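A structural walkthrough
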Amino acid sequence: MAAPAHLEPRLLRAFVTVADELHFTRAAARLYVAQQALSRDVRRLERELGCELFVRTTRQVALTADGERLLPYARAVLQAQDDLFAAAGQARPLLVDLNSPGLRTPRQVLHRARELMPGHELMARYESGLTWAAAELLAGRLDASFGRFAGLAPALRSGLAQQPVRYEPMAVVLPVDHPLAPLTEVPLASLAGETVYAGAGNPRTPEWTDLARQLFQGRGITLAPPAPLAVGEEEFQRVMARTRHPILAVVDFPPLPSTVLRPLVDPVPLSPVSLVWRKGIVHPALEGLRRAAAAVGAERDWLRMPEEGWIPASDSVVMASP
């Protein structure tokens, strides 16, 4: 058996997880990776060690004698790594951006993560948009955020990783006396001729404005020009009351005085939400945050694409990735 000069812990974790499950599909689900990627990691470990670790048939997976012998050593190495990461992360909370206080999707994930990781501190932050938060992530001043990953500039995306969380249906906020306010659902076609606010000019949220621009294209809906950047809920309400433009939002958007929130239909436009973090970050609570996002999403069927759903092609590619 060869003794490699360097061995990536990721390969050992792949080996141990498959050994625990004796099933590649279940092991891949536990590690949040594609089954093909997991199989490649196991084969690479076997090549580097110069031995076969598993016997694979179409019906079962079993450890070889070499695999049985190496398993306790692999567990010891991974436990030492986990202990090291935990020691490094004890003094600092995981800083998680929830975008804004009223949005439920990231808040539900954070609450579940706190339940899963009671020994770790996860602190909420509010950066108001993924573009702004991405710069903070890359600078190491923030650990995780939520938002539309496909809307980030390629230079930002290259340093970040993401995990799809939700296809969130979009909605429109209307003044209570708007002609469309009596409807329980607002067809997109009925917004033709309207000027709709979607954050144009806000340097924190260009990914949202880009999503709106693609949605409005060819439908006769005008993107509202930049409004003064309103800081705080009270100022936002004041500016929007003065312009009286409908506001593009999501179905969980917090209520505003003298307005109604109506879901959009025909088609149902979707806001793609991902959990986003800096590549290479080392913090034990990040795994809990990822597990929480997967668990809450599965319980609420967040990643099911409605038949009548609309999403840009670039977002479909991102949301289909592991």
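Residues numbered from 1 in each chain as written. Predicted model: local features only at pLDDT ≥ 70, side-chain atom pairs only at ≥ 80, totals over all residues. Heavy atoms only, no water.

On to the packing of helix α5 (residues 104-116) against helix α10 (residues 284-300). Remark: α5 packs on α10, axes separated minimally by 8 Å, with the N-to-C direction vectors making an angle of 120°. As summarised for this structure, α5 and α10 are arranged oblique, according to the angle between their axes. Pair α5 / α10 crosses with right-handed handedness. Taken together, the residues of α10 that come into contact with α5 (itself represented by Gln108, Val109, Leu110, Arg112, Ala113 and Leu116) are Gly288, Leu289, Arg291, Ala292, Ala293, Ala295, Val296, Glu299 and Arg300. When grouped by side-chain class, the residues that make up the contact of α5 with α10 number 9 nonpolar, 2 polar and 4 charged. (Axes fitted to C-alpha atoms, helices over the stretch in contact; angles between N-to-C directions. Helix = DSSP H or I, 4+ residues; strand = E, 2+ residues; numbered from the N terminus. Parallel < 35°, antiparallel > 145°, perpendicular 65-115°, else oblique. Left-handed = near helix turned anticlockwise from the far one by under 90°. Contact = heavy atoms within 4.5 Å. Nonpolar A, V, L, I, M, F, W, Y, C, P; charged D, E, K, R; others polar.)

In this structure the tally under the stated criterion is 2 aromatic pairs. An angle of 70° between the planes, with centres 6.2 Å apart, marks the rings of Phe24 and Phe54 as edge-to-face. You can see Phe24 sitting in helix α2 (residues 24-31) and its partner Phe54 sitting in strand β1 (residues 54-56), a full 30 residues away along the chain. Comparing Phe24 with Phe54 shows no difference in burial state: the two are buried. Taken together, Phe15, Phe24 and Phe54 form an aromatic cluster joined through their ring pairs. The ring of Trp132 is capped by Arg204, whose NZ or CZ atom sits 4.1 Å from the centre of that ring. (Phe/Tyr/Trp six-rings, centres within 6.5 Å; stacked < 30°, edge-to-face > 60°. Buried < 20%, exposed > 50% of the residue type's maximum accessible area, 1.4 Å probe, protein only. Lys NZ or Arg CZ within 6 Å of the ring centre and 35° of its normal.)

Next up on the list: the pairing of strand β3 (residues 94-97). What you see with β3 is no split at all: Leu94 and Val96 on one side and Leu95 and Asp97 on the other are buried throughout. Bridge analysis of β3 against strand β4 (residues 122-125) gives 4 bridges, and the strand direction is parallel. Bridge assignment links Asp97 to a residue of β4, and that residue is Arg125. Between β3 and its parallel partner β4, the chain crosses via α5, and the hand of that crossover is right-handed. (Pairing = 2+ DSSP bridges. Right-handed = clockwise from strand over helix to strand, strands pointing away.)

This next bit is on the layout of surface pockets. A water-sized probe rolled over the atoms picks out the places where empty space is left. Put simply, the largest pocket is a space of about 1,500 Å³. Arg10, Arg13, Leu31, Glu287 and Arg290 are the residues nearest the centre of the largest pocket, which is lined by 37 residues in total. Secondary structure elements with two or more residues in the lining of the largest pocket: α1 (9-21), α2, α3 (35-49), α4 (65-89), β6 (160-175) and α10. The biggest single contributor to the lining of the largest pocket is α1, with 7 residues. In terms of residue class, the lining of the largest pocket is made up of 18 nonpolar, 6 polar and 13 charged. (1 Å grid on protein atoms, 1.4 Å probe; cavity = no way out; pocket = protein on both sides within 12 Å on 5 of 7 lines; lining within 4 Å. Points joined across faces, edges and corners; volume = space filled by probe spheres on them.)

It is worth spelling out the packing of α1 against α3 at this point. Look at α1 against α3: their axes get within 9 Å of each other, and the N-to-C directions meet at 110°. Considering the angle they form, α1 stands roughly perpendicular to α3. Of the residues in α3, those in contact with Arg10, Leu11, Leu12, Ala14, Phe15 and Val18 of α1 are Leu38, Asp41, Val42, Arg44, Leu45 and Glu48.

Time to look at helix α6 (residues 130-138). For α6, the complete set of buried residues consists of Leu130, Thr131, Ala133, Ala134, Glu136 and Leu137. The inward-facing, buried residues of α6 contact β3, β5 (144-147), α7 (154-157), β6, α8 (206-216) and β12 (268-278). Looking at the residues trailing α6, positive phi occurs at Gly140, about 80°.

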